[in-house]
Amino acid sequence: MSTATEANGIEIRREREATEKTVFGFWVYLMTDCVLFASLFAVYAVIHGNTFGGPSGKDIFKLPYVLMETFALLTSSFTCGLAMLAAQRKAKRQVLFWLGVTFSLGLTFLCLELNEFHHLTSEGNSWRRSGFLSSYFTLVGTHGLHITFGLLWMAIMMIYIWKRGLTDTVRKRLTLLSLFWHFLDVIWIFIFTIVYLYGSIGL
Amino acid sequence: MSSKPLVSDHDEQQLSYGRYTAGFLVSIGLTFCAYWIATHVNADRNLLAIILALLAITQFAVQMILFLHISEERGPRWRLAAACFMLCVVLILVGGSIWIMNNLNYRMSPQQVLQYMQSQDNL
């Protein structure tokens, strides 16, 4: 009896260690992704003044619109946390509900961003206009691409949870997804500050 | 670990819920502050830039702690170590690029080039 519980305990601990390793591996990926964003930020910081006679950030950024985008993403980061808490309680319906809310907010963010890009390109301010716009589209577009993949991942996870329930594997993957999603929100803080706010004060 | 009295699941849930809510509210507050300062405050640009950077860094710290739970790691804190290493690389990469390119710009400014050419002629 006691050896059985002991064996069970060892099994649980081994599983927890395996999960921690997976989470750490994913964390290392996120940190390298940060370095990717850092190089794009560096490019933006260096060439954002090169407008080639075209508009600068002050002329084309609409701050209230960007603030709305920011709040959509920030709220989705929060609801993603709520989904994780529901997953710890193993409350399947709540997980699906909060993931659904997160997905809709993320999709809202993406649509707002694509609409902004559409406006810019239709006014002739596409990435081909100047060095500033090239670096702007690369930086913000890379973030948007990450969001797109995050949404895809989230949709797949929702189908998975709906079909198979909250197994241990699913909860491990949810942990990784929530790390990814919070991380994207952290990157957005810096895009919002360095690209949009600095742009609007004319730096 | 097993000798410690375990916190009940319910308490832990309440605690995490509080953390997420606090992180969310503080982030909203900081974002609004930054937005308001950028749109309404008329001051020296560099001063504004420093204030906005500080607000962004505060929000970064808040989200790292309350959303990404970097302070709740058990045992050796590898995640924190990786994050610190990342910050070093980012600072060198971004800071170094700005420094070098500004320096190059400064050295290649038209007046500088003109002065250099004139000094060569005098020789």
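Predicted model only: the values in this text are computed from it and were never measured. (Residues numbered from 1 in each chain as written. Chains lettered and ligands numbered in written order. Predicted model: local features only at pLDDT ≥ 70, side-chain atom pairs only at ≥ 80, totals over all residues.)

1. Things to note about the overall build of chain A
- A tally of regular secondary structure across chain A gives 6 helices and 0 strands.
- Listing every helix and strand of chain A by position from the N terminus yields α-α-α-α-α-α.
- If you line up chain A on its principal axes, its C-alpha atoms span 80 × 30 × 25 Å.
- The 203 residues of chain A split such that 37% are buried.
- Long-range pairs, those at least 24 residues apart, make up 83% of the contacts in chain A with a sequence separation of at least 6. (Helix = DSSP H or I, 4+ residues; strand = E, 2+ residues; numbered from the N terminus. Buried ≥ 20, exposed ≤ 12 C-beta atoms within 10 Å, placed from the backbone. Contact = placed C-beta atoms within 7 Å.)

2. Side note on the interface of chain B and chain A
- If you look at the interface, chain B gives 35 residues, while chain A gives 36 residues.
- Breaking the side of chain B that touches chain A down by element, the ones donating at least two residues are α1 (9–40), α2 (45–66) and α3 (78–107) of chain B.
- Per-class residue counts for the side of chain B that touches chain A are 25 nonpolar, 8 polar and 2 charged. (Nonpolar A, V, L, I, M, F, W, Y, C, P; charged D, E, K, R; others polar.)

3. What to know about the packing of helix α5 (residues 131–164) of chain A against helix α6 (residues 168–200) of chain A
All names here are of chain A.
- Their axes nearest at 10 Å, the elements α5 and α6 cross at an angle of 155 degrees. The pairing of α5 with α6 is recorded here as roughly antiparallel in orientation. In the packing of α5 onto α6, the handedness of the crossing is left-handed.
- Its residues assigned to classes, the contact of α5 with α6 shows 19 nonpolar, 3 polar and 2 charged. (Axes fitted to C-alpha atoms, helices over the stretch in contact; angles between N-to-C directions. Parallel < 35°, antiparallel > 145°, perpendicular 65-115°, else oblique. Left-handed = near helix turned anticlockwise from the far one by under 90°.)

4. Concerning α6(A)
Residue and element names in this part refer to chain A.
- End to end, α6 covers 47 Å across 33 residues, agreeing with the expected 48 Å (1.5 Å per residue, within 8%).
- The largest bend in α6 amounts to roughly 25 degrees and is located at F192.
- Looking at the residues trailing α6, positive phi occurs at G202, about 80 degrees. (Expected span 1.5 Å × (residues − 1). Bend = angle between axes of the 7 residues up to and from the residue.)

5. Points about the domain arrangement of chain B
- Domains assigned within chain B are domain 1 (1–72) and domain 2 (75–123).
- Relative placement of domain 1 of chain B and domain 2 of chain B: their C-alpha centres are 31 Å apart. (Domains from an automatic or database assignment.)

6. Brief notes about the packing of helix α3 (residues 63–88) of chain A against α6(A)
All names here are of chain A.
- Running from amino to carboxyl end, α3 crosses α6 at an angle of 160 degrees, the nearest separation of the two axes being 10 Å. Compared by their axis directions, α3 and α6 come out roughly antiparallel. Where α3 crosses over α6, the handedness of that crossing is left-handed. For the pair formed by α3 and α6, the contact residues are L63, V66, T70, L73, L74, S77, C80, G81, M84 and A87 on the first element and R171, L174, T175, S178, W181, H182, D185, W188, F192, Y196 and S200 on the second.
- In the contact of α3 with α6, the residues fall into 12 nonpolar, 7 polar and 2 charged.

7. Notes on the nonpolar core
- In this structure, F41(A), A83(A), I187(A), I191(A), V195(A) and L52(B) are the most contacted members of the largest nonpolar core, which totals 66 residues.
- Among the secondary structure elements, those contributing two or more residues to this core are α1 (2–47), α3, α4 (92–122), α5 and α6 of chain A together with α1 and α2 of chain B.
- Tallying contributions element by element places α6(A) first for this core, with 18 residues.
- In contact with V195(A), other than residues within four places in its own chain, are Y44(A), Y136(A), L139(A) and V140(A). (Core = buried A, V, L, I, M, F, W, Y, C linked by C-beta atoms within 7 Å.)

8. With respect to the confidence of the model for chain B
- In the predicted model, chain B carries a mean pLDDT of 87, and the fraction of residues at 70 or more is 92%.
- Two summary scores accompany this predicted model of the complex, namely pTM at 0.89 and ipTM at 0.90. (pLDDT = per-residue confidence, 0-100.)

9. Focus: unusual backbone geometry
- Of note in the backbone geometry, K90(A) takes a positive phi value of approximately 60 degrees without being a glycine.
- Residue class for K90(A) comes out exposed when judged on the 12 C-beta atoms lying within 10 Å of it.
- A positive phi angle, close to 50 degrees, is found at H69(B), a residue other than glycine.
- With respect to the helices and strands, H69(B) occurs in the loop between α2 and α3.

10. A short note on the environment of L174(A)
Residue and element names in this part refer to chain A.
- Structurally, L174 can be placed in helix α6.
- Among the residues examined, L174 registers 23 C-beta atoms within 10 Å and is labelled buried.
- When the C-alpha atoms of L174 and R13 are compared, they prove to be 20 Å apart, with 161 residues separating the residues in sequence.
- When near neighbours in sequence (up to four residues on either side) are disregarded, L174 contacts M84, A87 and M157.

11. Points about α3(A)
- With 26 residues, α3(A) should cover 38 Å at 1.5 Å per step; its first-to-last C-alpha distance of 38 Å lies within 8% of that length.
- Where α3(A) terminates, the next one or two residues include K90(A), which has phi positive at roughly 60 degrees.

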